[in-house]
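Breakdown of the fold
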Amino acid sequence: MAPGRPCRRQWQLTPLFLTPLLIGLSLFGTACSSRTANYPDLGPVTGTITLDGKPLGDVTVMFQPENGRASTGLTDAEGTYELTFTEVAKGAKVGPHKVSFSQEISADDIRATMRPPRHLSRSFDVEVTAEPNVFDFDLGQESAKATSKATNKATN
């Protein structure tokens, strides 16, 4: 090749090159789409957290099964939450769970040095089913209670 002359050689996509590439891409797609294949049976879980009837925002809700991975959700300004099992799977493992609550408090808040608010120390026992589950929790000081809008049971 003479100096200053562009290379005129062009790459051609031959079937020999394309076949392994296409097989590799299809295997990669299959592996990514089956990420939830090894998960336990999950039931979708949503609900609302209130304190004396008023929505409670920025509360982490944790559903811990008797054994296995917990599911968590964070309430929005209206107190509603939706549980996630992993980044790619929503819901909670089907079966009995202990439900607990926590709330992050900034370091400059005087309450950070005190005990957590009493309403956050409450816990409930619930039964998650494969059908859509709606668990509403009122963490009021007088009488904390959990209600379910499905056939699920929730006890204090």
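Look up a bit, the structure's there.
Counting starts from 1 at the beginning of each chain's written sequence and moves along it residue by residue. Residue-level local features of this predicted model are given only where pLDDT is at least 70; pairs of side-chain atoms are given and counted only at 80 or more, and the full residue set underlies all totals for whole chains, interfaces and linings. Here the side-chain values reflect all heavy atoms present in the structure, with hydrogen atoms and water set aside.

Structural notes on the overall build of the chain
Using the following cut-off: Going along the chain from the N terminus, every DSSP run of H or I of four or more residues is numbered as a helix, and every run of E of two or more is numbered as a strand. Note on classification: 1.4 Å probe, protein chains only; a residue is buried when its accessible area is under 20% of the maximum for its type, exposed when over 50%, partly exposed between these limits. By the convention used here, residues are in contact when the closest approach between their heavy atoms is within 4.5 Å. Shrake-Rupley sampling with a 1.4 Å probe provides the accessible areas, and residues are treated as covered by the protein chains on show and by no other component.
Helix and strand content of the chain: one helix and 12 strands. The order of α-helices and β-strands along the chain, N terminus first, is α-β-β-β-β-β-β-β-β-β-β-β-β. Within the chain, the fraction of its 156 residues that count as buried is 27%. Residue pairs at least 24 apart in sequence account for 57% of intrachain contacts in the chain once pairs closer than 6 positions are excluded. Within the structure as shown, the chain displays about 10900 Å² of accessible surface, and the carbon and sulfur contribution to it stands at 55%.

With respect to unusual backbone geometry
In this model, D52 sits at a positive phi of 55 degrees, which is unusual for a non-glycine residue. Mapping D52 onto the fold places it in the loop between β2 (45-51) and β3 (54-55). Phi at D58 takes a positive value of approximately 60 degrees, unusual for a residue other than glycine. Checked against the element boundaries, D58 lands in the loop between β3 and β4 (60-65).

Quick notes on the side chain of R122
Put simply, the rule reads: Within this scheme the basic residues Lys and Arg register as positive and the acidic residues Asp and Glu register as negative, but His and the chain ends are omitted. Between Lys or Arg on one side and Asp or Glu on the other, a salt bridge is scored when a side-chain nitrogen of the former is within 4 Å of a carboxyl oxygen of the latter. Whenever a nitrogen or oxygen atom comes within 3.5 Å of another N or O atom, the pair is scored as a polar contact, on the condition that within protein one atom can donate a hydrogen and the other can accept it, and that pairs from neighbouring residues in sequence are kept only if both atoms are in side chains.
Considering the arrangement of structural elements, one finds R122 in the loop between β8 (95-102) and β9 (124-128). An unpaired buried charge is present at R122: no salt bridge exists, and D52, the closest side chain of opposite charge, is 7.5 Å distant. For R122, the side chain forms a polar contact with the main-chain oxygen of G140, separated by 3.0 Å.

Quick notes on the pairing of β8
Spelled out, the test is: Pairing between strands requires that DSSP locate at least two bridges from one strand to the other.
In this sheet, β8 lies alongside β4 in antiparallel orientation, the contact comprising six bridges. In the strand pairing of β8, F63 is matched with V99. With five bridges connecting them, β8 and β9 associate as antiparallel partners. Directly across from G95, in β9, lies its bridge partner V128.

Observations concerning the nonpolar core
Convention followed: To form a nonpolar core, buried Ala, Val, Leu, Ile, Met, Phe, Trp, Tyr and Cys residues must be joined to one another through side-chain atoms within 4.5 Å.
Core analysis: the biggest nonpolar cluster contains 18 residues, and F63, Y81, F101 and F137 have the highest contact counts within it. No other element matches β9, which puts three residues into this core. Ignoring sequence-local partners within four residues, the contact set of F63 consists of V45, A70, S71, Y81, L83, H97, K98, V99, V126, V128, F135 and F137.

A short note on the packing of aromatic side chains
Definition in use: Here is the rule: rings of Phe, Tyr and Trp (six-membered ring for Trp) pair when centre to centre is within 6.5 Å. Planes less than 30 degrees apart are stacked, more than 60 are edge-to-face, and the remainder are tilted. Only lysine NZ and arginine CZ atoms are considered, and such an atom sits over a ring when it is within 6 Å of the ring centre and within 35 degrees of the ring normal.
The full count for this structure, using the stated rule, is eight aromatic pairs. With 5.8 Å between their ring centres and 50 degrees between their planes, F63 and F135 make a pair best called tilted. Of this pair, F63 sits in strand β4 while F135 sits in strand β10 (residues 133-138); the two residues are 72 residues apart in sequence, bridging distant segments of the chain. Judged by relative accessible area, which is 0%, F135 ranks as buried. Taking NZ or CZ as reference, R69 lies 5.7 Å from the ring centre of F85, over its face.

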